[in-house]
Amino acid sequence: MDKQQIISNTVSFVKETLKNAEGGHDWFHILRVWNNAKLIAKNENVDLFIVELGALLHDIADSKFYNGDETVGPKVARDFLESEHVSEEIIRHIEQIITNISYKGGNFKQTFTSLELNVVQDADRLDAIGAVGIARCFNYGGFKNRELYNPEIAPNLTMTKEEYKNSDSPTINHFYEKLLLLKDRMNTVTGKKIAEERHIYMEDFLQQFYNEWNGKS
């Protein structure tokens, strides 16, 4: 099994599959997560091949774009990896990474853990916060035609997985329902350090947003 060739083939597969994807979940999102994952992995005792495959395939068929069906992503990844003659053990690991990587609301408890999942999950969460995270948040809100902000609709921090999945609350609420919570949910030392910086940036942004919304200098 030529691992570098498989990684190269995976890059080509993901680029082609996501060529028409929504801007916050396109190839460039995958590329950023892949780069984040390789950076974090340098300080972790992990199987880099699994980390790279997990990062590249983690959003190959995001359930948000498949009527909430969480089985599509793992299946698409499996079919591709089988065509590349990747071992069954690694394929199962990648399926678990895809199934468990996403934040699914404050009450969701993931059922699978591995050092490789920790790295890929941190890499993905880093792309959800900071300047890029803010841009992605509003891009998706626009894609779903959501309000920017509505002072009469408070964030809901006790949503079930299904409520979180089906929420259509204003985009600003998403900061409180997910983005500002991620700093304290990071798994790795490197992930935590980067998240601290990006968290502060989001807090500053929100303060500026409210100042402008309320006509303050």
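Conventions we followed
Residues numbered from 1 in each chain as written. Predicted model: local features only at pLDDT ≥ 70, side-chain atom pairs only at ≥ 80, totals over all residues. Heavy atoms only, no water. Helix = DSSP H or I, 4+ residues; strand = E, 2+ residues; numbered from the N terminus. Rg over C-alpha atoms; globule rule 2.2 N^0.38 Å. Buried < 20%, exposed > 50% of the residue type's maximum accessible area, 1.4 Å probe, protein only. Contact = heavy atoms within 4.5 Å. Areas by Shrake-Rupley, 256 points an atom, 1.4 Å probe, with all protein chains shown as cover. Lys, Arg positive; Asp, Glu negative; His and termini not counted. Charge placed at Lys NZ, Arg CZ, Asp CG, Glu CD. pLDDT = per-residue confidence, 0-100. Phe/Tyr/Trp six-rings, centres within 6.5 Å; stacked < 30°, edge-to-face > 60°. Lys NZ or Arg CZ within 6 Å of the ring centre and 35° of its normal.

**Examining the overall build of the chain**
In terms of helices and strands, the chain carries 10 helices and zero strands. Counted from the first residue to the last, the chain has its helices and strands arranged as α-α-α-α-α-α-α-α-α-α. For a compact globule of 217 residues, the expected C-alpha radius of gyration is about 17 Å, and the chain comes in at 18 Å, within 12% of that figure. In terms of its C-alpha atoms, the chain occupies a principal-axis envelope of roughly 60 × 35 × 30 Å. Across the 217 residues in the chain, those meeting the buried criterion constitute 50%. In the chain, 66% of the contacts between residues at least 6 apart in sequence involve partners at least 24 apart. Looking at the chain as shown, the accessible area adds up to about 11200 Å², and 49% of this sits on carbon and sulfur atoms. Looking at the chain, you have 25 positive and 33 negative side-chain charges, and the mean spots of the two groups are 1 Å apart.

**A few points about the confidence of the model for the chain**
Averaged over every residue, the pLDDT of the chain is 92; the share at 70 or more is 95%. In the model of the chain, helix α8 (residues 161-166) stands out as the element of lowest mean pLDDT, 77, in contrast to helix α3 (residues 48-57), which has the highest, 98.

**As for the packing of aromatic side chains**
Considering all chains together, one arrives at 12 aromatic pairs under this definition. Look at W27 and W34: their rings are 6.5 Å apart centre to centre, the planes differ by 55 degrees, and that puts the pair in the tilted class. One exposure class covers both W27 and W34, and it is buried. Through a chain of ring-to-ring contacts, the aromatic side chains of F138, Y149, F175, F205, F209, Y210 and W213 assemble into a single cluster. K38 extends its terminal NZ or CZ atom over the ring of W34, reaching a point 3.9 Å from the ring centre.

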